[in-house]
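Fold and contact review
Each chain, letter by letter, is given below.
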Amino acid sequence: MGETTVGAAVVCGGVMAWLLAERQREVRRARLLLAGGGVVATGPPSWERAVGELRRLQGRWRGEWWAVAVGLALAFLAGSAVPVLAGAAGVPVLRRLRLARQARLAREVRADAVIALCGALAGEVRAGRQPGEALPRAARDSGGLGDAQGAVVAAARFGGDVPGALAAAARQPGAEGLLGLAACWRVAVDQGAGLAAGLDRLDAALRAERDQRADLRAQLSGARATVLMLAALPVLGLLLGSAMGADPLHVLLHTGAGLGCLAVGAVFEGAGMWWAARIVRGAEAP
């Protein structure tokens with residue numbers, strides 16, 4: 001089993017060395033291409049290049065790869081390849097969680113930008129500007145249109161279908177409030193209603209919805225803490241067993257009964273975490 005662990009560590013180290021070499025080759029090729037095949041400037045000192053490379057690696061190798069590092073450490077301590085395999089299996093799960101968190105943060109930022117857009121547009125209209133002139137200014141100041149800003153601004157400047165462009169921009173996650181802006185624009189243009197008054201009501205409604213989500217998230221923080229505590233209980237049990245001299249890692253990783261208990265426990269742990277996360281997501285759903 002010790003030879004298997006060392007072999008797995010060597011393979012992981014070889015893969016990481018190969019990836020680093022590929023990275024260096026790509027950087028060197030890009031510099032040559034940008035320099036037109038001529039002499040490439042030396043650039044910053046070697047230590048600065050090393051620091052920059054470490055920062056780029058930190059941006060490329062995200063936090064989920066720490067699962068492999070922890071698995072390697074446990075493999076050397078326990079003399080088993082199971083922790084390495086478990087750490088490798090945990091990488092896609094942790095990556096999915098990280099991407100979901102980033103998507104949630106981006107959605108919240110976009111929703112705040114839409115609220116800022118409504119307030120800025122209402123102020124521009126009150127200042128006496130026409131809606132077609134006010135929308136590009138408000139969009140530039142708030143950034144609430146996201147990737148669809150060019151299409152919406154072009155429609156506003158050249159007399160296009162602004163409500164349709166806003167409805168298309170509302171398909172971005174977190175930008176659903178643009179549907180209300182499209183409705184206000186359509187009513188103001190078609191029926192001559194006050195655009196600023198409708199934007200004020202829309203701004204107040206979006207702010208109330210954001211505050212409600214924040215309050216709900218605060219109320220669910222206790223449930224999340226409970227889930228994390230329950231997830232950490234097996235680790236606490238292993239630490240207590242080691243402190244008492246029971247050597248639980250040897251039992252779990254080097255005996256048939258221990259491996260069976262580890263597999264069953266991992267299945268139940270994963271099912272419990274999934275079910276608890278599903279309950280929390282259901283409570284957060286609109």
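Note that the structure is predicted; figures quoted are calculated from it, not measured.

**Here we look at the overall build of the chain**
Along its length, the chain carries twelve helices and zero strands. Every one of the 286 residues in the chain was classed for burial, and the buried ones make up 27%. Residue pairs in contact within the chain that sit at least 24 positions apart in sequence constitute 57% of those at least 6 positions apart. Carbon together with sulfur atoms contributes 65% to the accessible area of the chain, which is approximately 18000 Å² in total.

**Quick word on the packing of helix 4 (residues 82–126) against helix 5 (residues 131–142)**
Put simply, helix 4 and helix 5 touch, their axes get as near as 8 Å, and they point 140 degrees apart. Taken together, the axes of helix 4 and helix 5 lie oblique to each other. Classified by chirality, the crossing of helix 5 by helix 4 is right-handed. From helix 4, Ala113, Ala116, Leu117, Ala120, Leu121, Glu124 and Val125 reach across to helix 5, where they touch Ala134, Leu135, Arg137, Ala138, Ala139, Asp141 and Ser142. Here the residues of the contact of helix 4 with helix 5 sort into ten nonpolar, one polar and three charged.

**So, the pattern of salt bridges**
Enumeration over the complete set of coordinates arrives at eight salt bridges. The closest approach of N and O atoms between Arg129 and Glu133, which form a salt bridge, is 3.9 Å. The class for Arg129 is partly exposed, based on a relative accessible area of 27%. We classify Glu133 as partly exposed; its relative accessible area is 42%. In this structure, the salt-bridge partner of Glu209 is Arg213, at a minimum N-O distance of 3.4 Å. Of this pair, Glu209 and Arg213 both sit in helix 9 (residues 195–219), four residues apart, which is roughly one turn of that helix. Looking at Glu209, the relative accessible area reads 39%, which means it is partly exposed. Residue classification places Arg213 among the partly exposed residues on the basis of a relative accessible area of 35%. Beyond isolated ion pairs, a larger network of salt bridges with shared partners links Arg104, Glu108 and Arg217.

**Regarding the environment of Leu105**
Among the structural elements, Leu105 can be located in helix 4. Residue classification places Leu105 among the partly exposed residues on the basis of a relative accessible area of 33%.

**Observations regarding helix 9**
End to end, helix 9 covers 36 Å across 25 residues, agreeing with the expected 36 Å (1.5 Å per residue, within 8%). For helix 9, the full list of buried residues reads Leu195, Ala196, Gly198, Leu199, Leu202, Asp203 and Leu206.

**Observations regarding unusual backbone geometry**
Among all residues save glycine, negative phi is the norm, and among peptide bonds the norm is trans. With phi around 55 degrees, Asp247 is a residue other than glycine that occupies positive phi space. If you trace the backbone, Asp247 turns up in the loop between helix 10 (221–243) and helix 11 (248–254).

**Things to note about the state of the cysteines**
Disulfide: a covalent bond connecting the sulfur atoms of a pair of cysteines. Throughout the structure, instances matching the rule amount to zero disulfides. For Cys118, which is in no disulfide, the shortest distance to another cysteine sulfur is to Cys184 and amounts to 7.5 Å. Using a relative accessible area of 0% as the deciding quantity, one classes Cys118 as buried.

**Details of the confidence of the model for the chain**
Across the chain, the average pLDDT comes to 76, with 76% of residues at or above 70. Scored below 50 in pLDDT, residues 1–11 shows 14 contacts in the model against residues more than four places distant or in partner chains.

**Focus on the nonpolar core**
Counting 34 residues, the largest nonpolar core has Leu117, Leu121, Leu135, Leu166, Leu178 and Leu181 as its most contacted members. Mapped onto this core, the elements with two or more residues apiece are helix 4, helix 5, helix 6 (149–157), helix 7 (162–169), helix 8 (178–191) and helix 9. When residues of this core are assigned to their parent elements, the largest contribution, seven residues, is made by helix 4. Excluding residues within four positions of it along the chain, Leu166 makes contact with Leu145, Val152, Leu178, Leu181 and Ala182.

**Focus on a nonpolar patch on the surface**
On the surface, Met229, Leu230, Leu233, Leu236 and Leu240 cluster together into a nonpolar patch covering about 480 Å² of accessible area. Here Leu240 is to be found in helix 10. Judged by its relative accessible area of 48%, Leu240 is partly exposed.

**Description of the side chain of Glu124**
With respect to the helices and strands, the residue Glu124 is situated in helix 4. Leave out the neighbours within four places in its chain, and Glu124 touches Arg129, Ala134, Arg137 and Asp141.

**Remarks on the environment of His254**
Within the secondary structure layout, His254 lies in helix 11. Put simply, His254 and Ala78 are 176 residues apart on the chain and 8.9 Å apart in space, counted from C-alpha to C-alpha.

Calculation notes
- Residues numbered from 1 in each chain as written.
- Predicted model: local features only at pLDDT ≥ 70, side-chain atom pairs only at ≥ 80, totals over all residues.
- Heavy atoms only, no water.
- Helix = DSSP H or I, 4+ residues; strand = E, 2+ residues; numbered from the N terminus.
- Buried < 20%, exposed > 50% of the residue type's maximum accessible area, 1.4 Å probe, protein only.
- Contact = heavy atoms within 4.5 Å.
- Areas by Shrake-Rupley, 256 points an atom, 1.4 Å probe, with all protein chains shown as cover.
- Axes fitted to C-alpha atoms, helices over the stretch in contact; angles between N-to-C directions.
- Parallel < 35°, antiparallel > 145°, perpendicular 65-115°, else oblique.
- Left-handed = near helix turned anticlockwise from the far one by under 90°.
- Nonpolar A, V, L, I, M, F, W, Y, C, P; charged D, E, K, R; others polar.
- Salt bridge = Lys/Arg side-chain N within 4 Å of Asp/Glu carboxyl O.
- Expected span 1.5 Å × (residues − 1).
- Disulfide = S-S within 2.5 Å.
- pLDDT = per-residue confidence, 0-100.
- Core = buried A, V, L, I, M, F, W, Y, C linked by side-chain atoms within 4.5 Å.
- Patch = residues over 30% accessible without salt bridge, like charges linked within 9 Å, V, L, I, M, F, W, Y side chains within 5 Å.

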